[in-house]
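# Survey of secondary and tertiary structure
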Amino acid sequence: MDVVLEFSDHYILDHIWAKLVPLQQSTESPAWLTRFAESLPTFFQPPPPTVFREELVSAWPRSYIIRQMFSVTWITLLGTVILYFLFGCLSYYFVFDHRMMKHPRFLKNQIKMEIWTSLWSFPGMTMLMMPWFEGEVRGHSRLYHNMDEYGWTYFILSPLLFLLFTDYCIYWIHRWLHLPFLYKHVHKPHHKWIIPTPFASHAFHPLDGYAQSLPYHLFVFLFPIQRHLYLALFGMVNLWSVFIHDSDMVISSNSQVEKFINTPAHHTLHHLYFTCNYGQYFTWADHAGGSYRPPEPALHPLLEVVSAEQAGPHQANGDTAAPRKVVWQSKDE
Ligand SMILES: [Zn+2]
Ligand SMILES: [Zn+2]
């Protein structure tokens, strides 16, 4: 977050803050932010401003904690919305098999509901994440800038450490979210989507999204990681969340990769059967925890679509109890 804030301050936010809270408070400029700052305890009062660019002087300098908290909140919210729609649309148009929307368990107006649930969840999630990002910005994390500090070997290996640490933590957080009380009050909205689309990737209760993001925040306070690398990994995490929600079995069942990597096929099975494949990137935690379910062609939800179409309109409308006759046809045929 410190990299993004620095960039945003330089190109956008210095201008905005100079307008919102100018150093010389004019009678026309909005004074509610100044009054708000004055009403805060001494610790939160703005420090004396440092004039670094004459034309962009705000009474709230970059180092002022309240300014940072506002900036970080807006950057996170905007960034989340942009990445969600960017990755969601790319996956929806280029990866997601649209025949899946004819599945008997696919809800009416589901994509609209997924998007609304996500948009409803983002502000709450952002507020909860803000203290972590603020901690990074104020230099309390172990993010580092200089490559000499830990060397190239650590730099190259740290993404693996990042993935293994966050994957294992998310496995247990996700598994606990399936405990009856937490499931009912927190995780259930994400399982409304039996046949998820890429837009379901962030469609959950704000507490659910926050809980599953905790390992990423915790990581930078426990382990050193180069700050640009961390930013790239954070973007990748969002992309992966979208990718595993495309409801597809993109890799065949005899693939060796599929034994170790938690693919969309695994997460599709999680949405279909609830109590298997809790992992995010790898399958090792599911293997160790006894919750691994291998993707098999016979479990492909597209078979239900074919079956429902063959059985006629009564099944296509959700009557899954009718006899099932499956004729498999792959996406590429
Ligand atoms: Zn999911
Ligand atoms: Zn779940």
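Residues numbered from 1 in each chain as written. Chains lettered and ligands numbered in written order. Predicted model: local features only at pLDDT ≥ 70, side-chain atom pairs only at ≥ 80, totals over all residues. Heavy atoms only, no water.

## Some details on the overall build of the protein
Assigned secondary structure in the protein consists of 13 helices and two strands. Within the protein, the fraction of its 333 residues that count as buried is 50%. For the protein, restricting intrachain contacts to residue pairs at least 6 apart in sequence, the fraction spanning at least 24 positions comes to 69%. As presented, the protein carries roughly 16900 Å² of accessible surface, and 67% of it is formed by carbon and sulfur atoms. (Helix = DSSP H or I, 4+ residues; strand = E, 2+ residues; numbered from the N terminus. Buried < 20%, exposed > 50% of the residue type's maximum accessible area, 1.4 Å probe, protein only. Contact = heavy atoms within 4.5 Å. Areas by Shrake-Rupley, 256 points an atom, 1.4 Å probe, with all protein chains shown as cover.)

## Observations concerning the UniProt feature "transmembrane region" (unreviewed entry) in the protein
Taking the UniProt record as the reference, the feature "transmembrane region" (unreviewed entry) is found at residues 72–95, 115–133 and 153–173. Between the first and last C-alpha atoms of residues 72–95 the distance is 32 Å; the span itself is 96% helix and 0% strand. The span residues 153–173 is 100% helix and 0% strand, and its two end C-alpha atoms sit 30 Å from each other. (UniProt positions renumbered as here; feature names shortened; annotations may be inferred.)

## Considerations on helix α1 (residues 2–20)
The end-to-end C-alpha distance of α1 is 22 Å, clearly below the 27 Å that 19 residues give at a rise of 1.5 Å each. Along its length, α1 reaches its greatest deviation from straightness, about 65 degrees, at Asp9. For α1, the full list of buried residues reads Asp2, Val3, Leu5, Ser8, Asp9, Leu13, Asp14, Trp17 and Ala18. Looking at the buried residues of α1, the elements they touch are α2 (32–38), α3 (65–94), α4 (110–137), β1 (143–144) and α8 (227–243). (Expected span 1.5 Å × (residues − 1). Bend = angle between axes of the 7 residues up to and from the residue.)

## Quick word on the coordination of the zinc ion (ligand 2)
Coordination of the zinc ion (ligand 2) by the protein involves His174 (NE2), His178 (NE2), His187 (NE2), His191 (NE2) and His270 (NE2), with metal-donor separations of 2.1 to 2.2 Å. Between consecutive donor residues of the zinc ion (ligand 2), the sequence gaps follow H-x3-H-x8-H-x3-H-x78-H. Pair check on accessibility: His174 and His178 agree, each one buried. (Donors = N, O, S within 2.8 Å, 3.2 Å for Na, K, Ca; no water.)

## A few points about the nonpolar core
In terms of nonpolar packing, the biggest core is built from 39 residues, with Trp60, Tyr64 and Val72 touching the most fellow members. Going through the elements one at a time, α1, α2, α3, α4, α10 (264–273) and α12 (302–311) are the ones with two or more residues in this core. Among the elements that line this core, the one with the most residues is α4, at eight residues. In this structure, Trp60 is in contact with Trp17, Val21, Leu33, Thr34, Phe36, Ala37, Pro46, Ile66, Arg67 and Phe70, ignoring residues within four places of it in sequence. (Core = buried A, V, L, I, M, F, W, Y, C linked by side-chain atoms within 4.5 Å.)

## A short note on the packing of helix α7 (residues 206–222) against α8
At a minimum axis separation of 12 Å, α7 and α8 run at an interaxial angle of 165 degrees. When the interaxial angle is binned, α7 and α8 end up roughly antiparallel. Where α7 crosses over α8, the handedness of that crossing is right-handed. Of the residues in α8, those touching α7 at Tyr216, His217 and Val220 are Tyr230, Phe234 and Val237. Each residue belonging to the contact of α7 with α8 can be placed in one class, and the counts come to five nonpolar, one polar and no charged. (Axes fitted to C-alpha atoms, helices over the stretch in contact; angles between N-to-C directions. Parallel < 35°, antiparallel > 145°, perpendicular 65-115°, else oblique. Left-handed = near helix turned anticlockwise from the far one by under 90°. Nonpolar A, V, L, I, M, F, W, Y, C, P; charged D, E, K, R; others polar.)

## Let's talk about the environment of Thr166
Relative to the helices and strands, Thr166 resides in helix α5 (residues 151–177). Separated by 51 residues in sequence, Thr166 and His217 have C-alpha atoms that sit 9.5 Å apart. Those residues within four positions of Thr166 in sequence are excluded, and the remaining contacts are Pro215, Tyr216 and Tyr281. From its side chain, Thr166 meets the backbone oxygen of Phe162 in a polar contact 2.7 Å long. A distance of 3.4 Å separates a polar side-chain atom of Thr166 from the backbone oxygen of Leu163. (Polar contact = N/O pair within 3.5 Å; in protein donor to acceptor, adjacent residues only side chain to side chain.)

## A short note on the side chain of Thr268
Mapped onto the fold, Thr268 is located in helix α10. For Thr268, a relative accessible area of 1% gives the class buried. Not counting the four nearest positions on each side in its chain, Thr268 is found in contact with Ser247, Asp248 and Pro301.

## Quick look at the coordination of the zinc ion (ligand 1)
Only His190 (NE2), His245 (NE2), His267 (NE2) and His271 (NE2) from the protein reach the zinc ion (ligand 1) as donors, at distances of 2.0 to 2.2 Å. Classification of the site at the zinc ion (ligand 1) rests on its four donor atoms, whose angles at the metal span 93 to 160 degrees, yielding the label irregular. As a motif over one chain, the donors of the zinc ion (ligand 1) read H-x54-H-x21-H-x3-H. Taken together, the positions of His245 in the loop between α8 and α9 (257–260) and His267 in helix α10 put the pair 22 residues apart, joining distant regions of the chain. On the basis of relative accessible area, His245 is assigned to the buried category, the value being 4%. (Tetrahedral: all angles 85-135°; square planar, octahedral: opposite > 155°, others 65-115°.)

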